[in-house]
Amino acid sequence: MFAGEHGLQGDPRLKAISDAIRVVPHFPKSGIMFQDITTLLLDHKAYKDTLDIFVDRYRDMGISVVAGVEARGFLFGPSIALAIGAKFVPLSKPSKLPGEVISEEYVLEYGNDCLEMHVGAVKHGERAIIIDDLVATGGTLSAAIRLLERVGAEVVECACVIGLPEFKGQFRLNGKPLYILVEPRQ
Amino acid sequence: MSAFRDQDPRIHGIQTKIRVVPDFPREGIMFQDITTLLLDPKAFKDTIDLFVERYKGENISVVAGIEARGFIFGPPIALAIGAKFVPLRKPKKLPGEVIKEEYVLEYGSDCLEMHVGAVSAGERALVVDDLIATGGTLRAAMNLLERAGAEVVECACVIELPDLKLFRSLIDSDSDYLDLAGS
């Protein structure tokens, strides 16, 4: 679901957030219109508003885990975790996390990739949200959901700054709701 | 300079939350793992608060964080002190026009990149990373900011490794570093 359709209709912060995102054509490959959130991070008010919207949504939901997908999920997840009193759990590409990890493979357009989480970071029964900057195919988020469910956590929602329009309405990823602030810019 | 050690009671709590993982990523390295700090909301908040208390009111408009663990500590500090956050990344991660700074590793070299236009001349900047070891990455970060005309006020790290003789000799006299919890 999109924030502008559920509870934040007409909220001027959403337009400012969208306007602060830069589109870089043909990155990393020809034909891809890359949604660059680094320009959002340069706009203190828009960046703060982004986080405030997520914090306001999740602060009273009994969330004890904010899981963020490396690396751009790290730009949003920790601030949300700090504001709602939850722990932050990084989900990383292989060989980045030291110590014992569990791994979840997922499919790319060509080949596979893998997401890892520390053993012991999340306890059975904890309520979790997963954060990334953007959701496209949902492959990475699906892997993240599976990692958290494998250790017995309840994934309450996945939250992204940017999401494709097909995620409007009651779309669910692995049965989990998606909460998205803005659509990609052209 | 470990400015806070032995002074602030929050430091001990932060120090005890950092986990040491032996032989990662290679044999002989005792890896300082901050992910266990992030699992303790109070200790993580104390870490950020200590930095914010130091830098608030210093007219810092840029917090630059080094990928990827600098992305965990930098943004909360930037948001609290009213600064923008600028990610410094490995090659080919940042889209659009970048400036690059190469630095030396134990074997070979690596490269740090920053977006053109992210930082303006005359801005006062802070560099943030989880740990300082040889200082090579921090030095590259400082160079990138200075090439864009910024003034690096300080480098801030959660952890300092004890053997910093080499690093101290590379530091300009008017740029300093600060760590919270020497190992």
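Structural data are supplied above this passage.
All of the points below concern the structure found in this document. (Residues numbered from 1 in each chain as written. Chains lettered and ligands numbered in written order. Predicted model: local features only at pLDDT ≥ 70, side-chain atom pairs only at ≥ 80, totals over all residues. Heavy atoms only, no water.)

All names here are of chain A. Only one face of strand 5 (residues 101–107) is covered, namely the face carrying Ile102, Glu104 and Tyr106; the face carrying Val101, Ser103, Glu105 and Val107 is uncovered. By the bridge criterion, seven bridges tie strand 5 to strand 6 (residues 112–118) in an arrangement that is antiparallel. Within strand 6, the position partnered with Glu105 by the bridge is Cys114. The hairpin formed by strand 5 and strand 6 contains four residues between the paired strands, and Gly111 there has a positive phi angle of roughly 85°. (Buried < 20%, exposed > 50% of the residue type's maximum accessible area, 1.4 Å probe, protein only. Helix = DSSP H or I, 4+ residues; strand = E, 2+ residues; numbered from the N terminus. Pairing = 2+ DSSP bridges.)

What follows is about the interface of chain B and chain A. Contact with chain B, which involves 34 residues of that partner, is made by 33 residues of chain A. Together, Leu39, Leu79 and Pro95 of chain B form the three largest contributors to the area buried by chain B at its contact with chain A, with a combined 22%. Connecting chain B to chain A are zero salt bridges. At the surface where chain B touches chain A, the tally comes to nine residue pairs in polar contact (both at pLDDT 80 or more). When residues of the side of chain B that touches chain A are traced back to their parent elements, those giving at least two are strand 1 (19–22), strand 2 (30–33), helix 2 (35–38), helix 3 (41–55), helix 4 (70–81) and strand 4 (84–88) of chain B. Sort the elements by how many residues they give to the side of chain B that touches chain A and helix 4 of chain B lands first, with six residues. (Contact = heavy atoms within 4.5 Å. Buried area = accessible area lost by both parts, 1.4 Å probe. Salt bridge = Lys/Arg side-chain N within 4 Å of Asp/Glu carboxyl O. Polar contact = N/O pair within 3.5 Å; in protein donor to acceptor, adjacent residues only side chain to side chain.)

This part covers helix 3 (residues 44–58) of chain A. End to end, helix 3 of chain A covers 21 Å across 15 residues, agreeing with the expected 21 Å (1.5 Å per residue, within 8%). Regarding helix 3 of chain A, the residues found buried are Ala46, Tyr47, Asp49, Thr50, Leu51, Ile53, Phe54, Val55 and Tyr58 of chain A. (Expected span 1.5 Å × (residues − 1).)

Geometric values such as these leave the question of function open.
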